[in-house]
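# Report on the structure
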Amino acid sequence: MNKDLTVGKAETVLWRFCLPLFGSIIFQQLYNIADSLVAGKFIGENALAAVGNSYEITLIFIAFAFGCNMGCSVVVSQAFGAKEFDRLKTAVTTACIFSGIVCIVLMLMGIWCCNPLLHLIRTPEEVFTDSKQYLDIYIWGLPFVFFYNIATGIFSALGDSKTPFYFLAVSSVSNIAVDILFVNTFHMGVAGVAWATFLCQGISCILAVLAIWIRLKKIPCQKKPVLFDWELLRKILVIAIPSVLQQSFISVGNILIQSVINGFGASVMAGYSAAVKLNNLVITSFTTIGNGISNYSAQNLGAGKYKRIKEGFLAGIKMVWCLCLPFCVIYLLGGKYLLLLFMEKDSGAALLTGRQFLWILSPFYFIVSTKLIADGILRGISAMCQFMAATFTDLILRVLLAFLLSDLTKSALGIWCAWPIGWTLAMIMSVFFYHRKTKNYS
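Residues numbered from 1 in each chain as written. Predicted model: local features only at pLDDT ≥ 70, side-chain atom pairs only at ≥ 80, totals over all residues. Heavy atoms only, no water.

### Digging into empty space enclosed by the protein
Gaps left between atoms are located by rolling a probe of water-molecule size over the structure's atoms. Going through the model one piece at a time under the given rule, you end up with three cavities of 30 Å³ or more. In this model, the second largest cavity occupies a volume close to 50 Å³. Sorting the residues of the lining of the second largest cavity by element identifies α4 (125–140) and α7 (189–217) as the ones contributing at least two each. No other element matches α7, which puts four residues into the lining of the second largest cavity. Of the residues in the lining of the second largest cavity, the class split is five nonpolar, three polar and no charged. (1 Å grid on protein atoms, 1.4 Å probe; cavity = no way out; pocket = protein on both sides within 12 Å on 5 of 7 lines; lining within 4 Å. Points joined across faces, edges and corners; volume = space filled by probe spheres on them. Helix = DSSP H or I, 4+ residues; strand = E, 2+ residues; numbered from the N terminus. Nonpolar A, V, L, I, M, F, W, Y, C, P; charged D, E, K, R; others polar.)

Okay, here's the thing in structure tokens:
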């Protein structure tokens, strides 16, 4: 069901819109968590390390899919808020054509560059073969990743956050079952983990695209929409390119950090792989709520309701802080037991690595969540230069400090300390830019 986010109390509208988004991202993260959990529990520590190692490279591809998602979503949101339905449909088809071309290019690059990338990040020999096998299968599933992201972006732009939740809930639970079937029953190893994800993502993508096609057919138009529009593509790219650059540079930064971590051996890699999945569950949840704030801001910008954008910021902060508290408490007090879910046995070095990571990062979730809400509004009102400045500050600091502090401490502990420093400084910048861009909204 389409939902107009420009009417109703801002806090109530956002809770109703963003909670299904939060549920969706929980199930989305189950894909990656299930892969690592099954690999570590049913195959072994090296398999867990291989899946975690490959995951950092897959984030580069996801960055492009996410950028196409956000570019399409913000432009469609603005058209929906302004009730320009012809332009809305043209924006959708334009985004789909452009995304298809980008996807083909990335598949070709992935096939050619897989080996060099794995060597570049100093992948240990004992996990190299499994890492490459996982990546090869993942690359062939990129069309599903791209068009599923486009579909969910359109749903969100139309104010519908429940339909993607239903798709993800079913496909994620199915992914866990198929993971276990392929690995434990058919003994397919890491390849089984990759094929399970490929299969379940493919089915959810096809169903989501069909649902969007049916939904768009029901929206009335005054005239037949054109298939492709260069001006709309330009507007999509204004949002998409900074979003791609943001996610790509974050991914490259994570790969550089992964290369430092790889130097400490397979046990530290395995511990980090498990802990970073738990951390990504939280950060991606905040990011997704920030994306919801972007859709909310874009619709209200299109409708000329500027005061509601500022109301949305305060409502968003309340929402993410309500989520921060339980995550922080669970990771501080029960992180050990969550990490053991990923491990075949109580591996001392891997477990200690994961616990240190969670202990250092989780208290700063209140900081990074504030940044991501401010970023969501900056993106929704197309303030992309400010958005990029804060993002790059965070990334550059984290990468530089990871190298510097790991060298000073001669341990992975120094790497984990880089996250809170980068988050804090970037949050200050994002909130400052938000206030400066919206100070005249009334």
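### Some remarks on helix α8 (residues 230–262)
Taking 1.5 Å per residue, 33 residues should reach 48 Å; α8 reaches 44 Å between its end C-alpha atoms and fits that length. Taken as a whole, α8 carries its principal kink of about 30° at Leu237. Between a side-chain oxygen at the N-terminus of α8 and the backbone nitrogen of Glu231 the separation is 3.0 Å; the capping residue is Asp229. (Expected span 1.5 Å × (residues − 1). Bend = angle between axes of the 7 residues up to and from the residue. Polar contact = N/O pair within 3.5 Å; in protein donor to acceptor, adjacent residues only side chain to side chain.)

### Description of the packing of aromatic side chains
Counted according to the given criterion, the structure contains 18 aromatic pairs. Measuring from ring centre to ring centre gives 5.0 Å for Phe228 and Trp230, while their planes differ by 80°; the resulting arrangement is edge-to-face. By relative accessible area, which is 66% here, Trp230 ends up exposed. Put simply, the rings of Phe286, Phe327, Tyr331, Tyr365 and Trp423 touch in pairs and so form one group of aromatic residues. (Phe/Tyr/Trp six-rings, centres within 6.5 Å; stacked < 30°, edge-to-face > 60°. Buried < 20%, exposed > 50% of the residue type's maximum accessible area, 1.4 Å probe, protein only.)

### What to know about unusual backbone geometry
Of note, His187 is a non-glycine position whose phi angle comes to about 55°, a positive value. When its relative accessible area of 63% is taken as the criterion, His187 is described as exposed.

### Let's talk about the packing of α8 against helix α13 (residues 384–409)
The interhelical angle for the contact between α8 and α13, taken along N-to-C directions, is 5°, at an axis separation of 10 Å. Taken as axis vectors, α8 and α13 run roughly parallel relative to one another. When its residues are assigned to classes, the contact of α8 with α13 shows 17 nonpolar, seven polar and one charged. (Axes fitted to C-alpha atoms, helices over the stretch in contact; angles between N-to-C directions. Parallel < 35°, antiparallel > 145°, perpendicular 65-115°, else oblique.)

### Examining the side chain of Ser406
Turning to its location among the elements, Ser406 is positioned in helix α13. Residue Ser406 is classed as buried on the basis of its relative accessible area, which comes to 7%. Within polar-contact distance, the side chain of Ser406 engages the backbone oxygen of Phe403 at 3.0 Å. In contact with Ser406, not counting residues within four places along its chain, are Val260, Phe264, Leu401, Ser411, Gly414 and Ile415. (Contact = heavy atoms within 4.5 Å.)

### Observations concerning the nonpolar core
If you look at the biggest cluster of nonpolar residues, it comprises 81 residues, and the most contacted ones within it are Phe286, Phe357, Tyr365, Ile415, Trp416 and Trp419. Per-element tally for this core: the top contributor is helix α9 (residues 266–303), with 16 residues. Not counting residues up to four positions away in its chain, the partners in contact with Phe357 are Tyr272, Ala275, Val276, Asn279, Trp416 and Trp419. Cys68, Val145, Phe146 and Ile150 belong to the second largest nonpolar core, which has 46 residues in total. (Core = buried A, V, L, I, M, F, W, Y, C linked by side-chain atoms within 4.5 Å.)

### Considering α9
Between its first and last C-alpha atoms α9 spans 53 Å; for 38 residues at 1.5 Å apiece the expected length is 56 Å, and the two agree. Burial runs high along α9: 33 of the 38 residues are buried. In the stretch just after α9, Gly304 is the one whose phi turns positive, near 75°.

### A closer look at the packing of helix α3 (residues 85–120) against α8
The geometry of α3 relative to α8 is characterised by a closest axis approach of 9 Å and an angle of 70° between their N-to-C directions. Our classification of the angle between α3 and α8 gives roughly perpendicular. By crossing handedness, the relation of α3 to α8 is classed as right-handed. Along the contact surface, α3 presents Arg87, Thr90, Ala91, Thr94, Ala95 and Phe98, while α8 presents Leu232, Leu233, Lys235, Ile236 and Leu237. Tallied by class, the residues present in the contact of α3 with α8 amount to seven nonpolar, two polar and two charged. (Left-handed = near helix turned anticlockwise from the far one by under 90°.)

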